[in-house]
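# Geometric and topological summary
Residues per chain are reported as follows:
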Amino acid sequence: GQLTGSGDNGLNSKRLQNYKDVLKYFCWLVDAEELFRESLLIFDLELAVMVAEFTQKDPKDYLPYIEALKRMDDPLRRKVRICRDLNQDARALEQIRESFAKKKEEISEVYRDLVLEIVQEAGLHSEGLRVFGNDQSLDRRIRESLGRRMLKNKDQKGAADVFLSCGKFADALKCFENILDWRGCVSLIKRM
């Protein structure tokens, strides 16, 4: 991979050995678990394996996980899984956005659903709106999810405002009715 360059194989193996020596020394200085996590978060599975070996982690603790990641055909799905497994859900959202932006493609429906799942499970509505605010469809779905979450938390007024912002007028009207906000009801009916 990146550790080897063009040229003489002896030179490449020497360079690789130098990298390994530096990594061994670094593993001795830094918290092993944190270094392993960071190597995963740069999505370099070979580096993660070397770090695990040099920090003397038990192979049965990390090899099945690494192998499962290697079997994943979709590199983006692999990155998202790593981020989610390491409680880096906001980073998972960024990875999805960046991946589709690099390809200059619209986010696929499968990944739209995954974005919404991450946002809901991790409670990252504001982060989701920040990252995907330019995507009207995702923005609306995230806002609707936020409104539903606010309803669960008994914030009828906040939910009404969020539902208004995403065009869910019937839901907003119901919230206004529930809190007896007749001005809000009348104002909304006039807008409809």
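Structure shown above.
Residues numbered from 1 in each chain as written. Predicted model: local features only at pLDDT ≥ 70, side-chain atom pairs only at ≥ 80, totals over all residues. Heavy atoms only, no water.

Here the focus is the overall build of the protein. The number of helices and strands found in the protein is 12 helices and 0 strands. Written out in order from the N terminus, the α and β elements of the protein read α-α-α-α-α-α-α-α-α-α-α-α. Looking at the protein residue by residue over its 192 residues, the buried ones come to 38%. Considering only contacts within the protein whose residues lie at least 6 apart along the sequence, 44% involve residues at least 24 apart. Surface exposure of the protein reaches about 11900 Å², of which carbon and sulfur atoms provide 50%. (Helix = DSSP H or I, 4+ residues; strand = E, 2+ residues; numbered from the N terminus. Buried < 20%, exposed > 50% of the residue type's maximum accessible area, 1.4 Å probe, protein only. Contact = heavy atoms within 4.5 Å. Areas by Shrake-Rupley, 256 points an atom, 1.4 Å probe, with all protein chains shown as cover.)

Positionally, Arg78 belongs in helix H5 (residues 75-85). Buried charge without a partner: Arg78 forms no salt bridge, and the closest opposite charge is Asp73, 6.6 Å away. For Arg78, the side chain forms a polar contact with the main-chain oxygen of Met72, separated by 2.6 Å. Beyond its immediate stretch of four places on either side in the chain, Arg78 contacts Leu45, Leu69, Lys70 and Met72. (Lys, Arg positive; Asp, Glu negative; His and termini not counted. Salt bridge = Lys/Arg side-chain N within 4 Å of Asp/Glu carboxyl O. Polar contact = N/O pair within 3.5 Å; in protein donor to acceptor, adjacent residues only side chain to side chain.)

Before going further, it helps to spend a moment on the packing of aromatic side chains. What the rule picks out here adds up to 2 aromatic pairs. The interplanar angle of 65° and the centroid separation of 6.2 Å between the aromatic rings of Phe36 and Tyr62 together place this pair among those described as edge-to-face. Placement of Phe36 in helix H2 (residues 32-41) and of Tyr62 in helix H4 (residues 59-71) is noted, with a sequence separation of 26 residues between them. With a centroid separation of 5.5 Å and an interplanar angle of 65°, the aromatic rings of Phe100 and Tyr111 are classed as edge-to-face. Separated by 11 residues along the polypeptide, Phe100 in helix H6 (residues 89-103) and Tyr111 in helix H7 (residues 109-122) bring together distant segments of the chain. Judged by its relative accessible area of 5%, Phe100 falls in the buried class. By relative accessible area, which is 6% here, Tyr111 ends up buried. Note that Lys103 overlies the ring of Phe100, its terminal NZ or CZ placed 4.6 Å from the centroid. (Phe/Tyr/Trp six-rings, centres within 6.5 Å; stacked < 30°, edge-to-face > 60°. Lys NZ or Arg CZ within 6 Å of the ring centre and 35° of its normal.)

As a further point, take the nonpolar core. If you look at the biggest cluster of nonpolar residues, it comprises 36 residues, and the most contacted ones within it are Phe36, Leu40, Ile66, Ile82, Ile96, Val115 and Phe132. Listing elements by their share of this core, those giving two or more residues are H2, helix H3 (45-54), H4, H5, H6, H7, helix H8 (125-132) and helix H9 (136-152). In terms of residue count, H7 provides more of this core than any other element does, 6 residues in total. Contacts of Leu40, omitting those with residues within four sequence positions, involve Leu45, Ala48, Tyr65, Ile66, Leu69, Ile82 and Leu86. Membership of the second largest hydrophobic core comes to 9 residues, among which are Ala160, Val162, Ala172 and Cys175. (Core = buried A, V, L, I, M, F, W, Y, C linked by side-chain atoms within 4.5 Å.)

Moving on, we come to unusual backbone geometry. Located in the positive-phi region is Phe43, a residue other than glycine, with phi close to 65°. Within the secondary structure, Phe43 is located in the loop between H2 and H3. Of note, the phi angle at Lys104 is positive, near 55°, even though the residue is not glycine. Assignment of secondary structure puts Lys104 in the loop between H6 and H7. Assessed through its relative accessible area of 78%, Lys104 is described here as exposed.

Let us look at the pattern of salt bridges. Under the defined criterion, the tally for this structure stands at 20 salt bridges. In this structure, the salt-bridge partner of Arg112 is Asp135, at a minimum N-O distance of 2.9 Å. Taken together, the positions of Arg112 in helix H7 and Asp135 in the loop between H8 and H9 put the pair 23 residues apart, joining distant regions of the chain. The burial state of Arg112 is the same as that of Asp135; both residues are buried. Lys157 is the partner of Asp161 in a salt bridge, and the nearest nitrogen-oxygen pair spans 3.2 Å. One end of the pair is Asp161 and the other is Lys157, both in helix H10 (residues 156-165) and 4 residues apart, which spans about a single turn. Shared partners join several salt bridges into a network, and the residues in it are Glu94, Arg97, Glu98, Glu127 and Arg130.

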